[in-house]
Every structure is written in C-alpha cells, then in structure tokens.
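Single-letter residue listing:
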Amino acid sequence: MFARALTADAELRPLEPWRAEEFLRNLDRAREHIAPWVGASFVATDLPSARAVLQRYADLWARDAGGIWGIWLDGVLVGGVMFVTFDAVLGVCEVGCWLEPAAEGRGLVTRAVGVIVDWAVGRRGVHRVEWRTNADNVRSLAVARRLGMRRDGTLRQVYAGPARRVDLEVWSVLADEWRSRSTAVAPPAAT
C-alpha cells in the first residue's frame, strides 16, 4: 500500500471508499470547523454519505478527473487533500484540502498539497494548478501563499452563504513556477 511520509509522525495515503467509517469520524471531529469553507456535499453526515463522497472521488480517479488522499497523524485520519478537478488534456487541475483543528499548525496541508502538485506537474504534465477558496478563509489563503501561488482574482458573490453571498478567491501556480521551487516528484497511488 502507498504511504508517503509528510513528517516523522504524519503520512499521506489514498483515502478509499472502504475507509468511510474512519473518514466519517474525521469529519465528525472537523465538521463545525470546516463547514463554512467546504461544500455541503463533502461534509458527510452518516456512513452512506461518507462512503458516497469517497466513492465519488474514486470514480473521478478512475476517469482521470480527480482524486483524494488522507493525512494520518500518529495513525489517525486528521484531514486530507484532493484534486477537486483534474484535466490532463487541458493541463489544468484544482487542489483542495480539509483538516481538523487538532492537526493545524504543523504544515501538514502544505506538505500534502505539495506532493500531489509535484505529481500533477512532474508526472502528468499539468500546466496550471488552481486553488479556489472563500475569500474569508484566512488559513486557506495562507496555504496558497506558502505553496507559491499567486492570486488571480476574486469571483464576487459567486455563491450563497449562510449570512450573505460569498466571494471566491482564485489562486494558481504555473508549472514553470512550481518547478523553479520544487524538485521532488512522488506519484500518488490509485484509490
């Protein structure tokens, strides 16, 4: 089985549908914290919906259109990263993440996103990697900066939020920019 060390006590692994119970436990610990930032279709509330989320990403992986990997800290799933979209023909993908509060501040998301971006650029020839986030999500914007992404712009009031319409920031890094700062390329395993 594929596992990629992120730190001495954390690793990145495929997050497959058979891990739905573990994924649901992770979401239960993270739910309130991530709910303002991720789509409702991602934040599963029971085992069937957790399995459906992971199956959707497994199906995307099978179609070469996305994928999902978990971050395990001391053997416990604490979050993950994904290709929200992946289009090798156009050379464009979007990366995303989630993390429960107890695992924040360790650089795990930045390292994990770096692994999948290395793979997308280095192995698959992706030219543009996008990061889209709620303009109020300060932690997400900080990750984009740490990854060397540039702010492309803001899609103003693009979707309805609980209190008001939400602005969505679009950040990106191009392959040549990424290569100039990163040399390690490790392929994620099939999910």
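Coordinates for the structure precede this section.
Residues numbered from 1 in each chain as written. Predicted model: local features only at pLDDT ≥ 70, side-chain atom pairs only at ≥ 80, totals over all residues. Heavy atoms only, no water.

Describing the overall build of the chain
Part 1: Helix and strand counts for the chain stand at five helices and eight strands.
Part 2: Across the chain, helices and strands are ordered from the amino to the carboxyl terminus as β-β-α-α-β-β-β-α-β-α-β-β-α.
Part 3: Since a compact globule built from 191 residues should have a radius of gyration of about 16 Å, the 16 Å found for the chain is in line with a globular shape.
Part 4: Projected onto the principal axes, the alpha-carbon positions of the chain cover approximately 45 × 40 × 35 Å.
Part 5: Among the 191 residues that make up the chain, the fraction classed as buried is 48%.
Part 6: Taking as baseline every contact in the chain between residues at least 6 positions apart, the subset at least 24 positions apart corresponds to 61%.
Part 7: Carbon and sulfur atoms make up 52% of the accessible area of the chain, which totals about 9200 Å².
Part 8: Side chains of the chain give 25 positive and 23 negative charges; the mean places of these two sets differ by 3 Å. (Helix = DSSP H or I, 4+ residues; strand = E, 2+ residues; numbered from the N terminus. Rg over C-alpha atoms; globule rule 2.2 N^0.38 Å. Buried < 20%, exposed > 50% of the residue type's maximum accessible area, 1.4 Å probe, protein only. Contact = heavy atoms within 4.5 Å. Areas by Shrake-Rupley, 256 points an atom, 1.4 Å probe, with all protein chains shown as cover. Lys, Arg positive; Asp, Glu negative; His and termini not counted. Charge placed at Lys NZ, Arg CZ, Asp CG, Glu CD.)

As for helix α1 (residues 20-34)
Part 1: Between its first and last C-alpha atoms α1 spans 18 Å; for 15 residues at 1.5 Å apiece the expected length is 21 Å, and the helix comes up short by more than 12%.
Part 2: Largest kink in α1: about 45 degrees, centred on Asp 28.
Part 3: Among all positions of α1, only Ala 20, Glu 22, Phe 23, Leu 24, Asn 26, Leu 27, Ala 30 and Ile 34 are buried.
Part 4: If you follow the buried residues of α1, they end up packed against α2 (47-62), β3 (67-73), β4 (76-87) and β5 (92-99). (Expected span 1.5 Å × (residues − 1). Bend = angle between axes of the 7 residues up to and from the residue.)

Remarks on the pattern of salt bridges
Part 1: In the structure shown here, the tally under the stated rule is 13 salt bridges.
Part 2: Salt-bridge contacts for Glu 100 lead to Arg 29; the nearest nitrogen and oxygen are separated by 2.9 Å. Taken together, the residues span a long stretch of sequence, with Glu 100 in the loop between β5 and α3 (108-122) and Arg 29 in helix α1 at a distance of 71 residues.
Part 3: Under the relative-accessibility criterion, Glu 100 is labelled buried at 6%.
Part 4: Classification of Arg 29 as partly exposed rests on a relative accessible area of 39%. (Salt bridge = Lys/Arg side-chain N within 4 Å of Asp/Glu carboxyl O.)

Quick notes on the environment of Gly 66
Part 1: Among the structural elements, Gly 66 can be located in the loop between α2 and β3.
Part 2: Relative accessible area serves as the criterion here: at 3%, Gly 66 is assigned to the buried category.
Part 3: Here the alpha-carbon distance between Gly 66 and Asn 137, two residues 71 residues apart in the chain, equals 23 Å.
Part 4: Beyond its immediate chain neighbours, meaning those up to four positions away, Gly 66 contacts Tyr 57, Leu 60, Trp 61, Phe 83 and Phe 86.

Notes on the state of the cysteines
Part 1: Under the defined criterion, the tally for this structure stands at zero disulfides.
Part 2: With no disulfide of its own, Cys 93 lies closest to Cys 97 among cysteine sulfurs, the gap being 14 Å. (Disulfide = S-S within 2.5 Å.)

Thoughts on the pairing of β5
The two faces of a sheet get side chains in turn, since along a regular strand they alternate between them.
Part 1: Of all eight residues that make up β5, six are buried, and the element is covered over most of its length.
Part 2: Bridging between β4 and β5 involves eight bridges; their strand directions are antiparallel. Across the sheet, Thr 85 pairs through a bridge with Glu 94, a residue of β5.
Part 3: Taken together, β4 and the strand that follows it, β5, pair antiparallel across an intervening segment of four residues, in which Gly 91 is found at a positive phi of about 75 degrees. (Pairing = 2+ DSSP bridges.)

As for the packing of aromatic side chains
Part 1: By the definition in use, this model includes seven aromatic pairs.
Part 2: Considering the side-chain rings of Trp 61 and Trp 119, the 5.5 Å spacing of their centres and the 35 degrees angle between planes classify their relative orientation as tilted. One end of the pair, Trp 61, is in helix α2; the other, Trp 119, is in helix α3, with 58 residues separating them in the sequence. As far as the burial class goes, Trp 61 and Trp 119 line up, both buried.
Part 3: Here the aromatic rings of Phe 83 and Trp 119 are separated by 5.9 Å at their centres, their planes lie at 40 degrees, and the arrangement is tilted. Of this pair, Phe 83 sits in strand β4 while Trp 119 sits in helix α3, and the two are 36 residues apart along the sequence. Note on accessibility: Phe 83 and Trp 119 belong to one class, buried. (Phe/Tyr/Trp six-rings, centres within 6.5 Å; stacked < 30°, edge-to-face > 60°.)

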